[in-house]
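# Residue-level structural notes
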Amino acid sequence: MAIPIIMLHHIVDLPGKGISNWSISTRQFNLLLDLIEQKNLITTTFDAISTGNAASHQKLVVISFDDCPATLFDYAVPELIKRKMKAVFSIPTAQIGGFNMWDVTEQGFAKVALMDAEQLQYLSSQGMEIASHGQHHLRASEINETEFTEEISASKQYLEALLNKQIYTFTYPYGEVPKRYRLLLKQCAYQYGLSIYQPRQNNLALRRIGIHQADTAKSIAYKLSQSYQLMRNLLDPLLSLYKLIKP
Ligand SMILES: [Zn+2]
């Protein structure tokens with residue numbers, strides 16, 4: 001899939017402790033949306049692609065949000081709706097209406113409320129895609145295949161019952177993709193898997209493009225370009241090689 005997939009978490013101007021590495025300001029978010037419009041890119045979702053409802057347009061882009069902080073409703077969600085843009089929202093289902101427990105306990109981040117069931121239903125009714133981010137936001141490298149399968153299947157069933165829609169997409173927590181991911185995701189009837197860096201991407205392990213606080217209009221424009229995608233084709237295999245040889 002050659003569609004650029006943007007990865008975002010928090011859109012806030014005053015991020016709490018630890019959150020700043022995973023957030024951009026409302027001004028940067030606007031810059032991103034402005035650039036998408038200027039480049040005539042059409043925002044889409046994986047469920048629209050799966051059901052054949054995506055625009056038959058050559059220049060598509062996916063905006064994805066991980067973890068579903070409720071603060072996205074302060075600015076990002078109204079702005080997307082105002083601009084008639086679509087996005088994919090990935091939620092760890094055990095924390096619907098809860099908080100970012102994994103960030104708080106593991107890394108001492110500030111506590112952030114996550115979206116509740118009603119907010120997810122609202123997004124879904126607006127044509128946004130809700131994706132599974134597992135139940136408990138666990139690292140694939142720290143659980144076995146049975147536990148991973150339970151995480152992806154129980155979260156999928158929960159969201160399908162909540163939204164009365166098929167769930168097509170799984171977002172790997174921390175971008176960690178287990179060894180036999182194709183088999184595991186296919187067994188649970190997922191069609192797309194969202195990662196971060198991938199040496200050889202395919203629909204069940206897609207690369208994503210992170211936008212961070214240090215990004216400017218220029219760097220965001222580059223990240224939306226074909227040349228950035230080509231660069232990642234070269235960079236991602238090198239990164240995985242580096243990880244292998246690192247002591
Ligand atoms: Zn996450």
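Below you will find a few notes about this structure. Chains are numbered independently. Their residues run from 1 in the order of the written sequence. In keeping with the model being predicted, local features are shown solely for residues with a pLDDT of at least 70 and side-chain atom pairs are shown and tallied solely at 80 or more, while totals for entire chains, interfaces and linings include all residues. With hydrogens and water stripped out, all remaining heavy atoms of the structure feed into the side-chain values.

## Looking at helix 6 (residues 145-163)
Compared with the 27 Å implied by 1.5 Å per residue over 19 residues, the 27 Å span of helix 6 between its first and last C-alpha is a close match. Exposure categories follow from relative accessible area, calculated using a 1.4 Å probe and restricted to protein chains: below 20% of the type maximum is buried, above 50% is exposed, and the middle band is partly exposed. Labels follow the DSSP assignment, with helices taken as runs of H or I lasting at least four residues and strands as runs of E lasting at least two, numbered in each case from the N terminus. Of the residues making up helix 6, those classed as buried are Phe-148, Glu-151, Ile-152, Ser-153, Ala-154, Ser-155, Lys-156, Leu-159, Leu-162 and Leu-163. Should any heavy atoms of two residues lie within 4.5 Å, those residues are counted as being in contact. Where helix 6 is buried, its residues contact strand 6 (88-91), helix 5 (117-125), strand 7 (129-132), strand 8 (169-171) and helix 7 (181-187). For helix 6, the capping residue at the N-terminal end is Asn-144, with a side-chain oxygen 3.1 Å from the backbone nitrogen of Thr-146. Among the residues trailing helix 6, Asn-164 stands out with phi positive, at a value near 55°. Expected span of a helix: the number of residues minus one, times 1.5 Å. Polar contacts here mean pairs of N or O atoms no more than 3.5 Å apart (in protein, one a potential hydrogen donor and the other a potential acceptor; neighbouring residues in sequence count only if both atoms are side-chain atoms).

## A short note on the coordination of the zinc ion
Coordinating N, O and S atoms are those within 2.8 Å of the metal (3.2 Å for Na, K and Ca), and as water is not part of the atoms, a site may appear to have fewer donors than expected. Every protein donor of the zinc ion is accounted for by Asp-67 (OD), His-133 (NE2) and His-137 (NE2), and the metal-donor separations fall at 2.1 to 2.2 Å. The motif formed by the donor residues of the zinc ion, counted along the single chain, is D-x65-H-x3-H. Pair noted here: Asp-67 is in the loop between strand 5 (60-66) and helix 3 (76-82) and His-137 is in the loop between strand 7 and helix 6, with a separation of 70 residues, a long-range link. The same class applies to Asp-67 and to His-137, which are both buried.

## Describing the environment of Asn-100
For Asn-100, the position within the fold is in the loop between strand 6 and helix 4 (101-107). Put simply, Asn-100 and Leu-185 are 85 residues apart on the chain and 24 Å apart in space, counted from C-alpha to C-alpha. Beyond its immediate sequence surroundings of up to four residues, Asn-100 is in contact with Ile-19, Phe-109, Ala-110, Lys-111, Val-112 and Leu-114.

## Section: helix 5
Within an α-helix, residues lying three or four positions from one another point in the same direction, as the helix has 3.6 residues per turn. Of the positions making up helix 5, those classed as buried are Leu-120, Leu-123 and Ser-124. Buried residues of helix 5 fall within an arc of 100° about the axis and therefore sit on the same side. In helix 5, the exposed positions angled more than 90 degrees off the buried face are occupied by Glu-118 and Ser-125. Along its buried surface, helix 5 packs onto helix 3, strand 6, strand 7 and helix 6. One or two residues past the end of helix 5 sits Gly-127, with phi positive at roughly 85°. Comment: arc refers to directions from the helix axis out to C-beta atoms.

## Topic: the packing of aromatic side chains
Two aromatic rings, drawn from Phe, Tyr or Trp (for Trp, its six-membered ring), form a pair once their centres lie within 6.5 Å of each other, and the interplanar angle then sorts them: stacked below 30 degrees, edge-to-face above 60, tilted otherwise. Evaluated as defined, the whole model comprises eight aromatic pairs. An angle of 35° between the planes, with centres 4.8 Å apart, marks the rings of Phe-46 and Tyr-192 as tilted. With Phe-46 in helix 2 (residues 46-50) and Tyr-192 in strand 9 (residues 192-194), this pair connects stretches of sequence that are 146 residues apart. Of the two residues examined, Phe-46 and Tyr-192, each falls in the buried class. Their ring planes at 85° and their centres at 5.8 Å tell us that Phe-148 and Phe-170 sit as a pair that is edge-to-face. Of this pair, Phe-148 sits in helix 6 while Phe-170 sits in strand 8; the two residues are 22 residues apart in sequence, bridging distant segments of the chain. Members of the aromatic cluster, connected to one another through ring pairs, are Phe-148, Phe-170, Tyr-172 and Tyr-190. If you follow Lys-111 out to its NZ or CZ, it ends over the ring of Phe-99, 4.3 Å from the centre. By definition here, charges over rings are those cases where NZ of Lys or CZ of Arg is within 6 Å of the ring centre and within 35 degrees of the ring normal.

Read these as geometric descriptors, not functional statements.
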